[in-house]
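Below, each chain spelled out in residue letters.
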Amino acid sequence: MWGGLNSRQRSYLLACFREDQEAERRARAARSTYQDPGPASAWRKLPFSIKAELPFADYTVIQRRLRDEGCLDAGAGATLHALARRGLLKITEDRIDVPEVGLVTRILVELTRAGRACARAGLGIAPARRRPKYLLSEWLWGNLVRVAAAGSDGLPEDVMGGKAKYYLGTDYRPNGKPSRGYIDCFAVRTEKGRGTFVLEYRWRVTEAGRRHIHAYRAAYQTAYPKVQVDVPDSL
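Analysis parameters
- Within any chain, residue numbers begin from 1 and follow the written order of that chain's sequence.
- Only residues with pLDDT of at least 70 are given local features in this predicted model, and only at 80 or more are side-chain atom pairs given and counted; all residues enter the totals for whole chains, interfaces and linings.
- Hydrogens are left out, water is left out, and the side-chain values use all remaining heavy atoms of the structure.
- The pairing criterion is simple: DSSP has to find at least two bridges between the two strands.
- What counts as a helix is a DSSP run of H or I of at least four residues, what counts as a strand is a run of E of at least two, and both are numbered from the N terminus.
- Comment: axis = line fitted to C-alpha atoms, over the contacting stretch for helices; angle = value between 0 and 180 degrees taken between N-to-C directions.
- Contacts are assigned to residue pairs with any non-hydrogen atoms lying within 4.5 Å of each other.
- Partly exposed describes any residue whose relative accessible area lies between the buried limit of under 20% and the exposed limit of over 50%, with all areas from a 1.4 Å probe on protein chains only and scaled to the type maximum.
- Working rule for angles: under 35 degrees goes down as roughly parallel, over 145 as roughly antiparallel, 65 to 115 as roughly perpendicular, anything else as oblique.
- Handedness of a crossing is defined here by the sense of rotation of the near helix relative to the far one, left-handed for an anticlockwise turn of less than a right angle and right-handed for a clockwise turn.
- Under this grouping Gly is polar, as are all residues other than the nonpolar Ala, Val, Leu, Ile, Met, Phe, Trp, Tyr, Cys and Pro and the charged Asp, Glu, Lys and Arg.
- Cavity: a set of points on a 1 Å grid over the protein atoms alone where a 1.4 Å probe fits but cannot get out. Pocket: an open set with protein on both sides within 12 Å along at least five of seven lines, its lining residues, like those of a cavity, having an atom within 4 Å of a point.
- Grid points are joined across faces, edges and corners, and a volume is the space filled by probe spheres set on the points.

Enquirer: Is there a simple way to explain the sheet that holds strand E2 (residues 89-98) in this structure?
Expert: Neighbouring strands of a sheet are bound in pairs by backbone hydrogen bonds; such pairs are parallel or else antiparallel. Strand order in the open sheet formed by three strands is E1-E3-E2, with antiparallel pairing between adjacent strands. Either end of the sheet is taken by a strand with one partner, and the two such strands are strand E1 (46-50) and E2. The mean inter-strand angle of the sheet, taken between neighbouring strand axes irrespective of direction, is 35°. Both E2 and strand E3 (residues 102-111) contribute to a ladder of 10 bridges, which runs antiparallel. What sits directly across from Asp 97, in E3, is Leu 103. Each of E1 and E3 is contacted by helix H3 (residues 61-68), which is oriented at about 70° to E1, the strand it contacts most. Across the sheet, helix H4 (residues 76-85) lies against E1, E2 and E3, angled at about 135° from E2, the strand it touches most.

Structure (structure tokens):
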């Protein structure tokens, strides 16, 4: 596919690819601090241009890359559509509010898997390894071991990372599919006067979660060496 692109199309594809990889890096950084970056379908949509006159709306990152290479001109749209016809990227629009102008149209581009593979081939980068289906993402694995490390006392509900509970906790169905069921929420109660009241809710690892940690702990340490695992082997 790379060999079938002209030099201009290659420049546009690589400019989009580099910003796509930056977006991926930002998502990983957010997960490393137990924040939820949102679905990839959202953060992989990259601003290409804003339909407002300078200086009210500046160039986007991708436009600046292309301008520095001398490739940014009135034919940008035709080049993007040529890449889209080849299945290398998708083009969508949304509306944003620009101060002193109001609502304007913004052009978004999203690389497809074929687009990323084509860019990697052009740059001589080996294909990215796919994570085995039985392994959690780095973000979810980090949250699971945090709960496991808390032991029987449990991890306070309010320090769980973003939407991790929906994918790890019991009785949830994220995107219509059953969650992993690796952690469960329980109430910490206290007696006061004649009644019993809930102080807080906490998360602890289920038996399914313990089996998963024992079975794949070594694989996770190889896949995600930066994730600190303070879980005893006797969990």
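Moving on from the model shown.
Enquirer: Looking at this structure, I do not really get unusual backbone geometry. What am I missing?
Expert: The phi torsion of most residues other than glycine is negative, and most of the peptide bonds are trans. Even without being a glycine, Asp 171 presents a positive backbone phi close to 70°. With respect to the helices and strands, Asp 171 occurs in the loop between helix H7 (164-168) and strand E5 (183-192).

Enquirer: Is there a simple way to explain helix H5 (residues 113-123) in this structure?
Expert: In an α-helix, one turn spans 3.6 residues, which is why side chains three or four residues apart end up on the same side. All of the buried residues along H5 are Gly 115, Arg 116, Cys 118, Ala 119 and Arg 120. Those residues of H5 hidden inside the fold are in contact with helix H1 (7-32) and E3. Following H5 by one or two positions, Gly 124 has its phi on the positive side, about 75°.

Enquirer: Would you explain the pairing of strand E6 (residues 195-205) in this entry?
Expert: Side chains on a regular strand alternate between the two faces of the sheet. Alignment of strand E4 (residues 155-156) against E6, held across two bridges, turns out to be antiparallel. Note on E6: the bridge partner recorded for Pro 156 is Arg 202. Across 10 bridges, the pairing between E5 and E6 is antiparallel. Note that in E6 the partner of Lys 192 across the bridge is Gly 195. Here E5 folds back onto E6 in antiparallel fashion, the turn holding two residues, of which Gly 193 has a positive phi close to 65°.

Enquirer: Would you mind going over the packing of H1 against H3 with me for this structure?
Expert: For any two helices packed against each other, one specifies the crossing angle of their axes together with the interaxial distance. Contact pair H1 / H3: the axes reach a minimum separation of 9 Å and the direction vectors enclose 140°. When the interaxial angle is binned, H1 and H3 end up oblique. Between H1 and H3 lies a crossing whose hand is right-handed. Counted together, Ser 11, Tyr 12, Ala 15, Cys 16, Arg 18, Glu 19 and Glu 22 of H1 and Val 61, Ile 62, Arg 65 and Leu 66 of H3 form the full contact between these two elements.

Enquirer: In this structure, what is going on with the packing of helix H6 (residues 138-149) against helix H8 (residues 207-223)? I would like to understand it.
Expert: Across the interface, H6 lies against H8 with an axial gap of 13 Å and an inter-helix angle of 130°. Classed by the angle they form, the pair H6 and H8 counts as oblique. You can see that H6 and H8 cross each other, and the crossing is left-handed. In contact with Trp 141, Leu 144 and Ala 148 of H6, H8 contributes His 212, Ile 213, Arg 217 and Tyr 220. Here the contact of H6 with H8 is built from residues that sort into five nonpolar, one polar and one charged.

Enquirer: How should the layout of surface pockets be read in this particular structure?
Expert: The method is simple in principle: a probe with the dimensions of a water molecule rolls over the atoms, and the space it marks as empty is what remains. Its volume calculated, the largest pocket comes out at about 2,200 Å³. For the largest pocket, the lining is made up of 42 residues, of which Arg 31, Arg 44, Arg 130, Arg 131 and Ser 137 are closest to its centre. Taken together, the elements giving at least two residues each to the lining of the largest pocket come down to H1, helix H2 (40-43), H5, H6 and H8. It is H5 that provides the largest number of residues to the lining of the largest pocket, a total of five residues. When grouped by side-chain class, the residues that make up the lining of the largest pocket number 20 nonpolar, six polar and 16 charged. Looking at the second largest pocket, its volume works out to about 220 Å³. In terms of lining, the second largest pocket is formed by 14 residues, of which the most central are Phe 48, Ser 49, Ala 76, Gly 77 and Ile 107. The set of elements that each furnish at least two residues to the lining of the second largest pocket consists of E1, H4 and E2.

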